[in-house]
Amino acid sequence: MNLHRKGRAALVLALVAVVAMAFRVSWNALRDIAGAVGADETAAMLYPFVVDGLMALALIATLVLADRDRTFALRVLGAYTIASLVLNYVHGLVPELHGRTVDWGRLANWDPANWALVLLATSLPVGSIYFGSDLVAKVLHHRPTPIPAASANAEESTEIERKRSTAELPVSTPEPITPNAAALPRPVAVGFLKSTLPAKPYPSIAPAPAAPIEPRAVAAESTRPRRATGRVPDAAKPTRPKRTPDQLLAEARKATAGWPDAKVTGEGIRRAIRTSPANARALRDTLLAERAAASAKAA
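Conventions adopted
In every chain, residue numbers begin from 1 and rise along the written sequence. Only residues with pLDDT of at least 70 are given local features in this predicted model, and only at 80 or more are side-chain atom pairs given and counted; all residues enter the totals for whole chains, interfaces and linings. Think of the side-chain values as coming from all heavy atoms in the structure, minus any hydrogens and water. Put simply, two rings from Phe, Tyr or Trp (the six-membered ring, in Trp's case) pair if the centres are within 6.5 Å, and we call them stacked under 30 degrees between planes, edge-to-face over 60, tilted for the rest. Numbering of helices and strands starts at the N terminus; helices are DSSP runs of H or I of at least 4 residues and strands are runs of E of at least 2. For the exposure calls, accessible area comes from a 1.4 Å probe over protein chains only, and a residue counts as buried if that area is under 20% of its type's maximum, exposed if over 50%, partly exposed in between. For this analysis, a salt bridge means a side-chain nitrogen from Lys or Arg found within 4 Å of a carboxyl oxygen belonging to Asp or Glu. What pLDDT conveys is the predictor's confidence in a given residue, as a value from 0 to 100. Here, axes are lines fitted to C-alpha atoms. For helices the fit covers the stretch in contact, and angles between N-to-C directions go from 0 to 180 degrees. Note on angle classes: values under 35 degrees are labelled roughly parallel, values over 145 roughly antiparallel, values of 65 to 115 roughly perpendicular, and the remainder oblique. Crossing handedness follows the turn of the near helix against the far one: under a right angle anticlockwise gives a left-handed crossing, and clockwise gives a right-handed one. What makes two residues a contact is simply this: any of their non-hydrogen atoms within 4.5 Å. Charged means Asp, Glu, Lys or Arg here, nonpolar means Ala, Val, Leu, Ile, Met, Phe, Trp, Tyr, Cys or Pro, and polar covers whatever is left, Gly included. Definition of nonpolar core: a set of buried residues of the types Ala, Val, Leu, Ile, Met, Phe, Trp, Tyr and Cys, connected through side-chain atoms within 4.5 Å. The span expected for a helix works out to 1.5 Å for each residue beyond the first. Only protein atoms enter the 1 Å grid, on which a cavity is a set of points fitting a 1.4 Å probe that cannot get out and a pocket is an open set with protein on both sides within 12 Å along at least 5 of 7 lines, lining residues being those with an atom within 4 Å of a point. Grid points are joined across faces, edges and corners, and a volume is the space filled by probe spheres set on the points.

**Some remarks on the packing of aromatic side chains**
- Across all of its chains, the model carries 3 aromatic pairs by this definition.
- Arranged with centres 5.3 Å apart and planes meeting at 90°, the rings of W27 and F49 form a pair that is edge-to-face. Of this pair, W27 sits in helix α1 (residues 2-36) while F49 sits in helix α2 (residues 41-64), and the two are 22 residues apart along the sequence.
- By relative accessible area, which is 46% here, F49 ends up partly exposed.
- Here the aromatic rings of F72 and F131 are separated by 6.2 Å at their centres, their planes lie at 50°, and the arrangement is tilted. With a gap of 59 residues between them, F72 in helix α3 (residues 67-93) and F131 in helix α4 (residues 111-140) connect regions that are remote in the sequence.

**So, the pattern of salt bridges**
- Per the counting criterion, the structure on display carries 9 salt bridges.
- Here R31 ties to D32 by a salt bridge, and the two come within 3.8 Å at their closest N and O atoms.

**A closer look at the confidence of the model for the chain**
- Chain-level statistics for the chain give a pLDDT mean of 76 and a share of 64% at 70 or above.
- When pLDDT is averaged over each helix and strand of the chain, the minimum, 53, is found for helix α5 (residues 150-162) and the maximum, 89, for α3.

**A word on the packing of helix α7 (residues 266-273) against helix α8 (residues 277-298)**
- With their axes 8 Å apart at the nearest point, α7 and α8 run at an angle of 115° to one another. What the angle tells us is that α7 and α8 run roughly perpendicular. Our pair here, α7 against α8, has a crossing hand that is right-handed. Along its contact with α7, which presents G266, I269, R270 and I273, the element α8 presents P277, A280, L283, R284 and L287.
- Here the residues of the contact of α7 with α8 sort into 6 nonpolar, 1 polar and 2 charged.

**Details of the nonpolar core**
- Counting 26 residues, the largest nonpolar core has Y47, Y80, L87 and L124 as the members making the most contacts within it.
- Looking at this core, the elements that each hand over two or more residues are α1, α2, α3 and α4.
- Excluding residues that lie within four positions of it along the chain, Y80 makes contacts with V50, V51, L54, M55, L124, G127, S128 and F131.
- Residues L249, W259, L283 and L287 belong to the second largest nonpolar core, which totals 10 residues.

**Some words on the packing of α2 against α4**
- Axis separation between α2 and α4 bottoms out at 9 Å; the angle between their running directions is 25°. Of the possible angle classes, the one that applies to α2 and α4 is roughly parallel. Seen from above, α2 lies across α4 with left-handed handedness. Contact residues: α2 offers Y47, V50, V51, L54, L57, A58, A61 and V64, while α4 offers A121, L124, P125, G127, S128, F131, G132, L135, V136 and V139.

**Observations regarding α3**
- In this model α3 runs 39 Å from its N-terminal to its C-terminal C-alpha over 27 residues, within 8% of the 39 Å that 1.5 Å per residue would give.
- Every buried residue belonging to α3 is among A73, V76, L77, Y80, A83, S84, L87, V90 and H91, and all of these are buried.

**Describing the layout of surface pockets**
- Here the largest pocket defines a volume of roughly 510 Å³.
- Surrounding the largest pocket, 20 residues form its lining, V19, A22, D52, M55 and A56 being those nearest its centre.
- Counting residues per element, the ones that place at least two in the lining of the largest pocket are α1, α2 and α3.
- In the lining of the largest pocket, the residues fall into 14 nonpolar, 5 polar and 1 charged.

The following block contains the structure:
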């Protein structure tokens, strides 16, 4: 852990050194650009802090903020990085800026490019005030996401364990019951016809007096069957009338007229004329008997 902290500290120090050197390299270019657009000596010395300083502030905000605020900080960092790159590029293309012999407000020979460069150089300080204040406010109002404590996780796992289904719990096996094997006395043979022992007289026991039963009012039970309390709706009543055996036999003959003997079964007749299994079996036997009689008569 100590080595890990030392590595982080060395990485941060290296980053600070690189940023400081890059800031020093960009110092001359941004100072000369500020003097070319009309800044005095003091303003030109502070101009690099306006551009590159906001870049450092946006980098720190990117490390602290999250979600949409981090995206905003990254956009500010990218925009000011591109602006600083453009101004350094212009400083390298115009040698007159090195000796400060260029005319005020003249950063390029082509007028549209010159106007765009002057607008960029003069708008960066105003943008630094606006974006820098916004980033600082976002950092100060930022609330990091709390990390759940270990006790909360323990309570949650205990509750989940408690809510397990009883089917998942191990089934306890009852202990085997050991029968109490007690030795019974051997039976003694007794004569049923004649007793060998004299009968011993027993004293008579007087019966205990029975307490009188008090009359109580009991609700009489009615022997009449209870009538239906409601009327059966017409939709619940069967729409097909009950058929007689002759009607069933006629329908079975008509349905099985073209069937072979092997197909004349109780299940087939039941499905064909929609009757009970018992009626279907009786009709099957009748139809097979009629076909057998017709075959014998024809032979």
